[in-house]
Amino acid sequence: MGPTAVGEPSGDHPFPTLVHTSGHSAHEVHGIDVSKWQGTIDWQAVRASGVTFAFIKATEGADRLDDRFRENWEGARRAGVARGAYHFTYWCGSMADQIAWFQRHVPVDPEALPPVLDVEWNFHSPTCPRRISVESARHKMREFLHAMERHYGKRPIIYADITFHREVLAGGEFAQYPFWVRSVRALPHERYPGRRWAFWQITATGRVGGVNGNVDRNVFAGSRAQWQRLAQTGFRHHGTAVADASPAPAPQPAADPRGTHQAAPVLAAAAGQPATLEAGQVTSATVSPSVPPAAVPPADTPAIAAPLPVPRPRS
């Protein structure tokens with residue numbers, strides 16, 4: 001059984017989404033997410049390995065730029081890997097300052113994926129290790145998301161981990177935005193019950209040609225044909241105005257015809273694998289929409305597992 005409940009692009013956001021899936025091997029389009037911690041990346045080798053897209057860390061708070069953002073941003077572009085930039089939120093800082101910082105460093109590119117807002121609690125922060133109220137967190141998110149849509153002309157993506165989603169976003173909050181979810185030990189519907197998602201971070205210990213050491217691996221909810229259709233529009237949002245109690249975004253120009261990207265082959269590392277995750281945590285190859293969601297554990301730490309084999313580059 002493969003993915004179920006795949007939707008075509010809608011007026012709310014352009015990405016097909018899923019509620020249930022039988023496992024990451026059921027998905028055709030694979031990607032990675034990277035930051036300075038991956039060191040120097042050979043993006044041509046990454047593309048040859050079958051990687052179609054990459055989320056690249058750009059900024060934290062209002063004063064931190066990832067040391068390798070510009071290098072990775074250009075390297076992925078030259079290699080033909082669709083890429084999007086993400087911002088890591090600091091909850092104690094001014095969101096207006098964080099918006100200005102992100103826009104200062106991330107160019108408006110008609111070929112890029114939409115910007116990503118990474119929302120997590122950061123208890124290890126030396127300056128802001130606490131939670132803020134749920135309403136304050138949602139207000140800050142709306143401020144960032146609306147500003148990004150106005151500036152970049154694309155409906156932003158929300159990345160949320162299990163704890164933050166359970167405490168702030170459960171119950172359908174921000175349903176009009178594409179979601180990128182993290183679940184390395186279980187299928188997403190077990191950790192994010194009822195949440196439709198467009199991207200799924202499946203492991204923190206992946207191996208991909210062109211990257212030294214571990215790298216986060218991801219899958220796209222839709223088919224390869226759906227991805228190609230979206231890529232041909234530059235992933236630009238053509239739907240209605242933001243319906244989240246905020247001023248409507250300004251009209252955006254038509255999609256740039258240069259915004260084309262032909263998807264690369266599926267990662268060989270994923271081909272032929274059973275519908276399981278890291279360390280054999282999930283073994284069922286069938287998922288029924290009627291299956292009740294599992295209880296959410298207190299944390300979702302990466303499993304310690306043998307790395308996935310590195311696929312051979314294309315000839």
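Model, not experiment: these values are computed from the prediction.

S.K.: How would you explain the pairing of strand β1 (residues 30–34) if you had to name every residue and give the values?
M.R.: The side chains of a regular strand alternate between the sheet's two faces. Counted residue by residue, β1 has five buried out of five residues, so it is predominantly covered. Every second residue of β1 is oriented toward a common face, with His30, Ile32 and Val34 on one face and Gly31 and Asp33 on the other, all of them buried. Pairing of β1 with strand β2 (residues 53–60), which is carried by four bridges, proceeds in the parallel orientation. Among the inter-strand pairings, glycine 31 is bridged to a residue of β2, identified as phenylalanine 53. Handedness of the crossover is the feature at issue here: the chain leaves β1, passes through helix α1 (residues 43–48), returns alongside β2, and the resulting connection is right-handed.

S.K.: How would you explain the packing of aromatic side chains if you had to name every residue and give the values?
M.R.: Taken as a whole, this structure holds 23 aromatic pairs when the rule is applied. Each ring, one from phenylalanine 199 and one from phenylalanine 220, has its centre 5.6 Å from the other, and the planes form 45°; the classification is tilted. Residue phenylalanine 199 is located in strand β8 (residues 199–206), and its partner phenylalanine 220 is located in strand β9 (residues 215–220); the two are separated by 21 residues in the primary sequence. The pair phenylalanine 199 / phenylalanine 220 is uniform in exposure class, with both members buried. Consider the rings of phenylalanine 199 and tryptophan 227, whose centres lie 6.3 Å apart with planes at 90°: the pair is edge-to-face. On the criterion of sequence distance, the pair formed by phenylalanine 199 in strand β8 and tryptophan 227 in helix α7 (residues 224–232) is long-range, its members being 28 residues apart. We classify phenylalanine 199 as buried; its relative accessible area is 0%. Among the aromatic side chains, those forming a connected cluster through ring pairs are Phe15, Phe53, Phe55, Tyr86, Tyr159, Trp180, Phe199, Phe220, Trp227 and Phe235. Between the NZ or CZ atom of arginine 83 and the centre of the ring of tryptophan 73, over which it lies, the distance is 3.9 Å. Stacked on the ring of tyrosine 177, the Lys or Arg arginine 155 has its end atom at 5.1 Å from the ring centre.

S.K.: Account for the packing of helix α3 (residues 95–105) against helix α4 (residues 134–152), with residues named and values stated.
M.R.: Running from N to C, α3 and α4 point in directions that differ by 30°, and their axes come no closer than 10 Å. As far as their axial angle goes, α4 and α3 are roughly parallel. Seen from above, α3 lies across α4 with right-handed handedness. Residues Met95, Ala96, Ile99, Phe102 and Gln103 of α3 form the contact with α4, whose own contacting residues are Lys140, Glu143, Phe144, Ala147, Met148, His151 and Tyr152. Among the residues forming the contact of α3 with α4, the class breakdown is eight nonpolar, two polar and two charged.

Rules used in this analysis
Residues numbered from 1 in each chain as written. Predicted model: local features only at pLDDT ≥ 70, side-chain atom pairs only at ≥ 80, totals over all residues. Heavy atoms only, no water. Buried < 20%, exposed > 50% of the residue type's maximum accessible area, 1.4 Å probe, protein only. Helix = DSSP H or I, 4+ residues; strand = E, 2+ residues; numbered from the N terminus. Pairing = 2+ DSSP bridges. Right-handed = clockwise from strand over helix to strand, strands pointing away. Phe/Tyr/Trp six-rings, centres within 6.5 Å; stacked < 30°, edge-to-face > 60°. Lys NZ or Arg CZ within 6 Å of the ring centre and 35° of its normal. Axes fitted to C-alpha atoms, helices over the stretch in contact; angles between N-to-C directions. Parallel < 35°, antiparallel > 145°, perpendicular 65-115°, else oblique. Left-handed = near helix turned anticlockwise from the far one by under 90°. Contact = heavy atoms within 4.5 Å. Nonpolar A, V, L, I, M, F, W, Y, C, P; charged D, E, K, R; others polar.

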